[in-house]
There are 2 protein chains.
Amino acid sequence: MNSSYEVLGLATGIITSGESIAERVIETAEKTCGGFEEGDVLVLAETAVATSEGNIVRLDKIAPTPKAQELGDKYRIDPRMAEVVIQESDSIVGGIPGFLLCMKGGTLLPNAGVDASNAPPGCVTPLPADPDQSATSIRKTIEEKTGVRIGVIIADSRTHAMRLGCSGVAIGSSGIPSVINDQGRSDLFGRKLEVTKRAVADNIASAAELVMGEADECTPAAIIRGIGLPLGDHLGVETIDATECLFMGAFAKNRTQW
Amino acid sequence: MNSSYEVLGLATGIITSGESIAERVIETAEKTCGGFEEGDVLVLAETAVATSEGNIVRLDKIAPTPKAQELGDKYRIDPRMAEVVIQESDSIVGGIPGFLLCMKGGTLLPNAGVDASNAPPGCVTPLPADPDQSATSIRKTIEEKTGVRIGVIIADSRTHAMRLGCSGVAIGSSGIPSVINDQGRSDLFGRKLEVTKRAVADNIASAAELVMGEADECTPAAIIRGIGLPLGDHLGVETIDATECLFMGAFAKNRTQW
């Protein structure tokens, strides 16, 4: 990886259902920064990807189950929203007012990633059905049309334990590694590094979020230029098992107060 | 905030105990990118700051208590390291092999931030005693010597719940806001935003980590240039109460399996 890079926001305007996000991003990149370059990493907001894929749920078509009513009452969430969250989750592990904490595809996820902000009125957008596949499809289209190889990350904005505010997280990745293992490398004093895995895709999603914002900027995409990550047929964001997770291990299975 | 910015790694070499980190960073910035510019945000690895402040603990001087022995045995941690972690924590809330999960200053923190990597041999580095004060002191020195106003963030590298690999987190901040509140702004469709807080300091720490690395790059600092954050007498990284935290709320107080 290189010692410097640039982050360039792409103000595409609103992406509508069924529209090719790849085409819009290529046009905007040409206007913003002379088009894509070899090794660029494109970061896309998951809401924009879900919208372009038509993955939009109208709340007036949802009939909440008693379980959704109960969770909605308990955590002050629209029971129709709670119903969509239940349908999108593998399991619900808890909640606070306004949010259910869900497990989905091996990741802890507030409201299972179902988003009401930046969705059309009366609607919510679940996460893209297969974010890695979305990333690959967008990457291949851009690579074919521009002739350069790139990486694509689908990013979400999330809170972390005991942190105030949202930061960027990668939920889909294609063309670059999501985690880089420094195992075997040495620290400043020549010892083997203990903590050896770097979540580069999460860091890139966070770097991009600084120019993407969450309000009405209409900037659902950014290019990370010059970072020097290895390109290739990498697919997906590596996750861990709950038993390997310090937070899950501490709270869910093995809670001890010393 | 602007729609693009640059991230520039500063390869200062090893920072030693008692050395002025501000001076080293100014020298390195002059060589790397023509020196500091108004509005730059300097990100510093907490280990380098702790080392420069002489905040280094020699393990052969530590006598572990029975509690440290017990935690060390249970989680396969050097009991002397466990002792330092206990001393640095407000409370220990759990663990997995190799790590204790700690509360410290309102934040959940693996090993209370005590780091063995990149510390001198036989030593560990606790977090800087007051990271906000460290950030302010370094900021004032650089501002006096260069004549430009900057922000300073002290960054740590941490795992998050159910994520593989470490990403950057801000533990100290001075001169820029750590969280930006978008309350009152509208989403793409003109509705008030629901999730309104952006953890800009955490995002900046993550962006910087991509060029800082954790191995023997000797790059414990980076400049974020052109981001356009408001400058001023901002101090500290805003945190939340455990009762407001989705993760703590779900696991620690109110665990329910639906």
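Since we're looking at a predicted model, the values are computed, not measured. (Residues numbered from 1 in each chain as written. Chains lettered and ligands numbered in written order. Predicted model: local features only at pLDDT ≥ 70, side-chain atom pairs only at ≥ 80, totals over all residues. Heavy atoms only, no water.)

## What about the overall build of chain A?
Along chain A, the regular secondary structure elements total 7 helices and 12 strands. Counting across all 258 residues of chain A, residues that qualify as buried make up 60%. Restricting to contacts in chain A with at least 6 residues of sequence separation, those with at least 24 account for 61%. Of the roughly 9,600 Å² of accessible surface on chain A, 47% is carried by carbon and sulfur atoms. (Helix = DSSP H or I, 4+ residues; strand = E, 2+ residues; numbered from the N terminus. Buried < 20%, exposed > 50% of the residue type's maximum accessible area, 1.4 Å probe, protein only. Contact = heavy atoms within 4.5 Å. Areas by Shrake-Rupley, 256 points an atom, 1.4 Å probe, with all protein chains shown as cover.)

## Side note on the domain arrangement of chain A
Residues and elements named next belong to chain A. Domain annotation of chain A identifies domain 1 (6–55 + 127–255) and domain 2 (57–125). Contact between domain 1 and domain 2 buries roughly 1,000 Å² in total, counting both sides, with carbon and sulfur atoms accounting for 53%. Between domain 1 and domain 2 we count 0 salt bridges in total. Inspection of the region where domain 1 meets domain 2 yields 1 residue pair in polar contact (both at pLDDT 80 or more). When contributions to the side of domain 1 that touches domain 2 are tallied by element, the ones reaching two or more residues are α2 (46–52) and β8 (151–158). Of the residues forming the side of domain 1 that touches domain 2, the biggest block, 4 residues, is contributed by α2. (Domains from an automatic or database assignment. Buried area = accessible area lost by both parts, 1.4 Å probe. Salt bridge = Lys/Arg side-chain N within 4 Å of Asp/Glu carboxyl O. Polar contact = N/O pair within 3.5 Å; in protein donor to acceptor, adjacent residues only side chain to side chain.)

## With respect to helix α1 (residues 21–33) of chain B
Residues and elements named next belong to chain B. Helix length check: α1 (13 residues) gives 17 Å between terminal C-alpha atoms against 18 Å at 1.5 Å per residue, within 8%. Taken as a whole, α1 has its buried residues at I21, A22, R24, V25, I26, T28, A29 and C33. Where α1 is buried, its residues touch β1 (4–10), β2 (41–45), α2 (46–52), α5 (131–146) and β12 (221–225). (Expected span 1.5 Å × (residues − 1).)

## As for the sheet that holds strand β2 (residues 41–45) of chain A
Strand order in the open sheet formed by 10 strands is β9(A)-β8(A)-β2(A)-β12(A)-β1(A)-β1(B)-β12(B)-β2(B)-β8(B)-β9(B), with mixed pairing between adjacent strands. Sheet topology places β9 (167–174) of chain A together with β9 (167–174) of chain B at the edges, where each strand pairs with a single neighbour. Between one strand axis and the next, the sheet turns through 25 degrees on average, direction left out of account. Sheet analysis places β8 of chain A next to β9 of chain A, joined by 7 bridges and oriented antiparallel. Pairing of D156 of chain A across the sheet is with V169 of chain A, part of β9 of chain A. In the packing of helix α6 (residues 200–212) of chain A onto the sheet, the strands contacted are β1 (4–10), β2, β8, β9 and β12 (221–225) of chain A together with β1 and β9 of chain B, and the crossing angle to β9 of chain A comes to about 120 degrees. (Pairing = 2+ DSSP bridges. Axes fitted to C-alpha atoms, helices over the stretch in contact; angles between N-to-C directions.)

## Thoughts on the packing of helix α3 (residues 66–75) of chain B against helix α4 (residues 79–88) of chain B
Residues and elements named next belong to chain B. Two elements in contact, α3 and α4, have axes whose closest approach is 8 Å; the angle formed by their N-to-C orientations is 115 degrees. When the axes of α3 and α4 are compared, the crossing they make is right-handed. Here K67, A68, Q69, L71 and G72 of α3 come into contact with α4, specifically with P79, A82, E83 and I86. Of the residues assigned to the contact of α3 with α4, the class counts are 5 nonpolar, 2 polar and 2 charged. (Left-handed = near helix turned anticlockwise from the far one by under 90°. Nonpolar A, V, L, I, M, F, W, Y, C, P; charged D, E, K, R; others polar.)

## Comments concerning the confidence of the model for chain A
All names here are of chain A. Within chain A, residue pLDDT values average 88, and 89% of them lie at 70 or more. A low-confidence stretch, residues 253–258 stays under pLDDT 50, and its non-local contacts, those more than four residues away or across chains, total 22 contacts. If you check the scores for this complex, the pTM reads 0.89 and the ipTM reads 0.88. (pLDDT = per-residue confidence, 0-100.)

## Notes on helix α3 (residues 66–75) of chain A
Residue and element names in this part refer to chain A. The set of residues buried in α3 consists of A68, L71, G72 and Y75. Down the axis of α3, the buried set is contained in an arc of 100 degrees. They therefore lie on one face. Seen from the open side of α3, the exposed residues pointing more than 90 degrees away from its buried face are P66 and D73. Positive phi appears at R76, one or two residues downstream of α3, with a value of about 50 degrees. (Arc of directions from axis to C-beta.)

## A word on the environment of L100 of chain B
All names here are of chain B. Locating L100 in the fold gives a position in strand β5 (residues 99–104). Here L100 falls in the buried class, since its relative accessible area comes to 0%. Through-space distance from the C-alpha of L100 to that of P66 is 16 Å; in sequence the pair is 34 residues apart.

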